[in-house]
Every structure is written in structure tokens, then in C-alpha cells.
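Analysis of the macromolecular model
The lines below spell out each chain.
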Amino acid sequence: MEDQKMKLHCGFIFSNWTAMFGLHEKSLDFELVFVDWVAGEARTKTFLSNLNPFGQVPVLEDGDLKLFESKAITRYLAEQYKDVGTDLLPNDAKERAIVSMWMEIDTNQFLPLASTLIRELVTKPYQGLATDFTSVQENKEKLSEVLNIYEARLGESCYLAGESFTLADLHHLPPIHYMLKMEEEGVKDLIYSRPNVTAWVEKMQSRPAWLKTVIKGDHIFELMKQHRMPMQLDSPCQEMTGLAQKTAMVTENT
Amino acid sequence: MAGIKVFGNATSPSTRRVLLALHEKNLDFELVNIDLKDGEHKKEPFLSRNPFGKVPAFEDGDLKLFESRAITQYIAHRYESQGTNLLPADSKNPAHYAIMAIGMEVEAHQFDPVASKLVWEQVIKNFVGLTTDQAVVAEEEAKLVKVLDVYEARLKEFKYLAGETFTLTDLHHIPVVQYLLGTPTKKLFTERPRVNEWVAEVTKRPASQKILK
């Protein structure tokens, strides 16, 4: 039966890449709906009441189900579509607990630091705001300590939760990808000075699903550059359905 | 009986999250005290249990875990048929599980960072003899208001955050909510009728009372 395709409401932020990466690993078709959150499109009344009351992307629609929070999205895909594409979660309760643990480590130890670097060095410059270099330095130092632990872990097994690629690894690649593009001194080195971490990143970067994700991600960035309007960034609740209609692009997944 | 051990501190919200799950499931366990004031969590042998130096760490037979929300999820699944069900009623349905998962992510990303800062400013700083920074409290309360407004709308539709039954989503909030009830921030809960009812419901549970002792 040909059901309605899944829709991914997607914008310029690495968590969107994570959702796309999950969809591609599962070889799932989806329609990409571009949301320019930087321009406030995720804070319209329509978005807040229909998609995500916290005004953030990504949001996945699968039939009547609407999901937000990238880790809830990828876990859903891993379970609902277990028999399709890559198996992203083990069946055994204890093995699954280790995957959950590394996803929590991502959320609580790695991502707060990496996302601050991304915000300071990528998002703020794009918005014309000033980078806080003290914050950058602090976060680089803390991230170095965290990555020492990853380096030790990846000396014990190929992937974070064991010998197979799982959701735990998947979630790390998009922010690392952004980090590796930064020109700021020492950021790339956080990865490349650690051989086990580097090997892990390079293995993941060669996955076909990742390559598709990069193409889509770069396309989203292009869409954003084409559709940015000179508008106030401080009027988040202005009704912008007209603008959303004009700028939302629907792209078929190939 | 396989030995369940928790390595943590009975006053720490993260440790309490795990203790709540164990009490809800009526599971026997040993709490091995880690002296946070003494920095025991930043030294061996604790660091071998959690190299990130944070409580709690956990053991169930040969399984060793850390990160409170991974531990509670493990307990909820592994002991699903025992004690309170902490998963959605139809836990094998990925769509239902996903709704609970959203709530757990919202707690971790939207609620906890803000609520924990408020606990730090108003509870922990006082305890160690430092002064509360009221400007920070005001700033963080403004953020918490936005989250609680979403919860208020949600709880008008459902009895609990993930649906009609108590789940991990609700449980994860309890330790920090309990601390905030002892601060002026409590008013943000009492001002919202459904949030207020939910707070009363979840904090009066026997397991919630046990962790305060």
C-alpha cells in the first residue's frame, strides 16, 4: 500500500542532519520541508500549535504522528522500521542500555560543548552577531577532556556501544562534521589529534547514508541563502504564514 | 538475586532519579554512598565506574552503567513486568513509545538545564554559604515559565506528560521539582492549575516520599 510519504520539517541546524541521517540509514523516502528557523519560521502560531510547541526543528510527520526532538525521532525510526535498512538498535536489553548510555553522554557531556562552539563560530557569525571567544576557549578545553574519554572508549571497541554502528554513533557525526569545517584554531585538532576518534569519524563519513545526508544538508543551506528576507529577527510571534508559503520549499528525496 | 548497586549520593537529583525507578519497581538494591563534598566522584575508584566523574553509577550483575536517564530506561525495560509500569501501556508500539521519548528529551533539554540552575542558585549555593544571584533567578524563571506554559497546555489534554499513565517522562522531573518546591520558584507551579495538580500527584507517590528520607 502506498502510504503518504513521511515529511521532515528541516532547517539549518545539525540536529536536522541527524534526523536525515537516520532516515537515510533506514532507506526511507521522505519529503523535505524547509523551515528557515533563523528567520523565525519555527515560531509562527501555526508551527507552534501544529508541529512543535517549543518552536524547533526537526519535526517528523509519519501519517498522523508528529515527532520532535531528534533523539525521539531517530529512536522511533529505529524501532518502527527495524526490519528495513541498517539496524540501529540492538534487541538485547543490556546492549540497548549501553546504547542509551552513550546517547545520554552525547546529550549531557558532548553536545552542550560542541553545540556552544557551533553557535559561537557558525550560527552567530551568520546572524551578524559577535562571537564570545572566551566561551569558545572554555568549551574547547572542556571538549578536549571529554574527547579523551571517547579516545579511550574507541580503543576498546569499534563503535561507542560495541562492535556495530548504532544510534549512539549516528548522533555524534553531524556536530563533529560542523566542527571539522571550523577555521578557528584548534577545533579540528580536537578530533584529528586523537587516532581512535579520527578512525571512528572517518568510518562513519564513508557510509552511503552519510554521503546522502551531506548533499541534503548543503542543499538546505543553499535554500536558506536564497530565501533569507531582510526581516526583524526579534518579532518571533508575527504571523508569517504568507512568508512561510513563499519560502517553504518542498524537495523530493531521490 | 542479582545484585543491584547504585553508587551515588542520596541528595543528588540524578541519583534520586534512579532510586525512584528502583522504588517504583520494588527492587532490592544497595546504595553505596559517594561523598560529593570530598570529591570522591572525581577520583578512583569511582572514575572507573564513570570516567566523566558524575553520580550515579549503577551495576546489575555484570552490567555496568552510568547516566541516570539511561539507567532508569534500563530498569523500566528489564523489570517491565514488576512493580509500577514506567513505560507507556502499549510499550511495544513505537509510536506510543516515541511520545514518551519526546517527553524525556524535553525534560532533558528544555526543563532540566533551567530548573537545575534555579536549584543551584537557590538551594545549593545557600547550603554552601554563597549568595543567591537574584538576576540569574529572574532570567531562568522567565525561561521556565515558557516550558511550564507548554506543560500546562499538555496536561489539559492528558493526565500525565506522556498520556494517561505515569511514565519515565514524569519520573525524571520529580527530584528537581521537589527541590524547587522549597524555593520561591514554587509559585510558577502553583500559578498553573494543571501543572500544580500534576506536581501534587507525582510528589505524593510512595516512591517519591521514600527518596526524601
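Residues numbered from 1 in each chain as written. Chains lettered and ligands numbered in written order. Predicted model: local features only at pLDDT ≥ 70, side-chain atom pairs only at ≥ 80, totals over all residues. Heavy atoms only, no water.

Rule in force here: UniProt positions are given in the numbering used here, feature names are shortened, and annotations may be inferred rather than shown by experiment.
Taking an unreviewed UniProt entry as the reference, chain B is identified by name as glutathione transferase belonging to Brassica campestris. Regarding chain B, the UniProt comment filed under Catalytic activity (unreviewed entry) reads as follows: "RX + glutathione = an S-substituted glutathione + a halide anion + H(+)". Heading Sequence similarities (unreviewed entry) of the UniProt record for chain B holds this comment: "Belongs to the GST superfamily. Phi family."

With an unreviewed UniProt entry as reference, chain A is termed glutathione transferase, source organism Brassica campestris. According to UniProt, the comment filed for chain A under the heading Catalytic activity (unreviewed entry) is "RX + glutathione = an S-substituted glutathione + a halide anion + H(+)".

1. Overview of the overall build of chain B
Condition: Only DSSP runs of H or I with at least four residues qualify as helices, and only runs of E with at least two residues qualify as strands; both kinds are numbered from the N terminus onward. The size measure is the radius of gyration over C-alpha atoms, and the globule rule it meets is 2.2 Å times the number of residues to the 0.38 power. Here the term buried applies to any residue with accessible area under 20% of the maximum for its type, exposed to any over 50%, and partly exposed to those in between, with areas from a 1.4 Å probe on protein chains only. When checking whether two residues touch, look at their non-hydrogen atoms; a contact exists if any pair is within 4.5 Å. Computed with the Shrake-Rupley method and a 1.4 Å probe, the accessible areas treat only the protein chains shown as cover for residues. Only four residue types enter the tally: Lys and Arg on the positive side, Asp and Glu on the negative side, with His and both chain ends excluded. Working definition for charges: the position is that of NZ of Lys, CZ of Arg, CG of Asp or CD of Glu.
When its secondary structure is counted, chain B shows nine helices and four strands. Going from the N terminus to the C terminus, chain B shows its helices and strands as β-α-β-α-β-β-α-α-α-α-α-α-α. Its C-alpha atoms give chain B a radius of gyration of 17 Å, within 12% of the compact-globule value 17 Å for 213 residues. Projected onto its principal axes, the C-alpha positions of chain B cover 45 × 45 × 25 Å. Within chain B, the proportion of its 213 residues that are buried is 54%. Within chain B, residue pairs in contact and separated by at least 24 positions form 65% of the contacts whose partners lie at least 6 positions apart. Carbon and sulfur atoms make up 55% of the accessible area of chain B, which totals about 9,400 Å². Of the side-chain charges in chain B, 28 are positive and 29 negative, and the distance between the mean point of each set is 2 Å.

2. Section: the nonpolar core
Across soluble globular proteins, nonpolar side chains show a tendency to be buried alongside one another. Basically, it comes down to this: Throughout this description, the term nonpolar core refers to a set of buried Ala, Val, Leu, Ile, Met, Phe, Trp, Tyr and Cys residues connected via side-chain atoms within 4.5 Å.
Residues Tyr150 and Trp200 of chain A together with Phe58 and Ile75 of chain B are the most contacted members of the largest nonpolar core, which totals 138 residues. Tallying contributions element by element places helix H4 (residues 93-126) of chain A first for this core, with 14 residues. Membership of the second largest hydrophobic core comes to five residues, among which are Phe7, Ile34, Val55 and Ala57 of chain B.

3. Quick word on helix H5 (residues 133-156) of chain A
Counted only if it meets this: Helix span, expected: 1.5 Å multiplied by one less than the number of residues in the helix. Pairs of N or O atoms within 3.5 Å make up the polar contacts considered here, provided that, within protein, one atom can donate a hydrogen while the other can accept it, and that residues adjacent in sequence are counted only when both atoms are side-chain atoms.
With 24 residues, H5 of chain A extends 35 Å between its outermost C-alpha atoms, agreeing within 8% with the 34 Å of an ideal straight helix rising 1.5 Å per residue. Between the side-chain oxygen at the start of H5 of chain A and the backbone nitrogen of Thr134 of chain A there is a gap of 3.1 Å, and the oxygen is on Asp132 of chain A.

4. A look at the domain arrangement of chain A
All names here are of chain A. The condition that has to hold: Domain segmentation is taken from an automatic or database assignment of domains. Simply put, the buried area is the total loss of 1.4 Å probe accessible area from both parts when two parts are fitted together. The rule for a salt bridge is simple: a side-chain nitrogen of Lys or Arg has to be within 4 Å of a carboxyl oxygen of Asp or Glu. Under the convention adopted here, Pro, Cys and the residues Ala, Val, Leu, Ile, Met, Phe, Trp and Tyr are nonpolar, Asp, Glu, Lys and Arg are charged, and Gly plus all remaining residues are polar.
Along its sequence, chain A is organised into domain 1 (7-87 + 216-227) and domain 2 (93-208). Between domain 1 and domain 2, the C-alpha centre-to-centre distance is 21 Å. At the boundary of domain 1 with domain 2, total buried surface from both sides reaches about 2,000 Å², with 68% on carbon and sulfur atoms. Considering only the side of domain 1, the residues that lose the most area to domain 2 are Phe14, Phe21 and Lys71, jointly responsible for 35% of the buried surface there. Taken together, the links from domain 1 to domain 2 amount to four salt bridges. The closest approach of N and O atoms between Lys71 and Asp106, which form a salt bridge, is 2.8 Å. If you look at where domain 1 meets domain 2, you find seven residue pairs in polar contact (both at pLDDT 80 or more). Looking at the side of domain 1 that touches domain 2 residue by residue, the class counts come to 10 nonpolar, five polar and eight charged.

5. Describing the UniProt feature "domain: GST N-terminal" (unreviewed entry) in chain A
UniProt tags residues 4-85 of chain A as "domain: GST N-terminal" (unreviewed entry). Secondary structure over residues 4-85 of chain A splits into 35% helix and 22% strand, and the C-alpha atoms at its two ends are 19 Å apart.

6. Describing the domain arrangement of chain B
Residues and elements named next belong to chain B. Here chain B is partitioned into domain 1 (4-79) and domain 2 (94-211). Taking only C-alpha atoms, the centre of domain 1 and the centre of domain 2 are 21 Å apart. Contact between domain 1 and domain 2 buries roughly 1,600 Å² in total, counting both sides, with carbon and sulfur atoms accounting for 63%. Between the two partners, domain 1 and domain 2, sit five salt bridges. The salt bridge partner of Glu24 is Arg205, with a shortest N-O separation of 2.7 Å. Where domain 1 packs against domain 2, one counts seven residue pairs in polar contact (both at pLDDT 80 or more).

7. Some points on the packing of helix H1 (residues 14-25) of chain A against helix H7 (residues 173-180) of chain A
Residues and elements named next belong to chain A. Note the threshold: Between the N-to-C directions of two axes lies an angle of 0 to 180 degrees, each axis being a line fitted to C-alpha atoms and, for a helix, fitted only over the stretch in contact. Angle categories are assigned with fixed cut-offs, so that under 35 degrees is roughly parallel, over 145 is roughly antiparallel, 65 to 115 is roughly perpendicular, and the rest are oblique. It is the rotation of the near helix from the far one that decides the hand of a crossing: anticlockwise by less than a right angle makes it left-handed, clockwise makes it right-handed.
The contact between H1 and H7 brings their axes to 8 Å, and the two run at 130 degrees. Comparing the axis directions of H1 and H7 gives the class oblique. Between H1 and H7 lies a crossing whose hand is right-handed. Seen from H1, the contacting residues are Phe14, Trp17, Thr18 and Phe21; seen from H7, they are Leu173, Pro174, Pro175, His177 and Tyr178. Of the residues belonging to the contact of H1 with H7, the class tally is seven nonpolar, two polar and no charged.

8. A look at the confidence of the model for chain B
This is how it is decided: Values of pLDDT, which run from 0 to 100, indicate the predictor's confidence residue by residue.
Per-residue confidence for chain B gives a mean pLDDT of 96, with 99% of residues at or over 70. Two summary scores accompany this predicted model of the complex, namely pTM at 0.91 and ipTM at 0.94.

9. Some points on the layout of surface pockets
Applied cut-off: Detection works on a 1 Å grid of protein atoms alone, calling trapped sets that fit a 1.4 Å probe cavities and calling open sets with protein on both sides within 12 Å along at least five of seven lines pockets, with lining residues defined by an atom within 4 Å of a point. Grid points are joined across faces, edges and corners, and a volume is the space filled by probe spheres set on the points.
Volume-wise, the second largest pocket comes out at about 540 Å³. If you trace the second largest pocket, you find 22 residues lining it, with Pro53 and Phe68 of chain A together with Ile102, Arg154 and Glu157 of chain B closest to the centre. Counting residues per element, the ones that place at least two in the lining of the second largest pocket are helix H2 (45-50) and strand E4 (65-68) of chain A together with helix H4 (94-127), helix H5 (134-157) and helix H6 (168-180) of chain B. For the lining of the second largest pocket, the leading source of residues is H5 of chain B, giving five residues.

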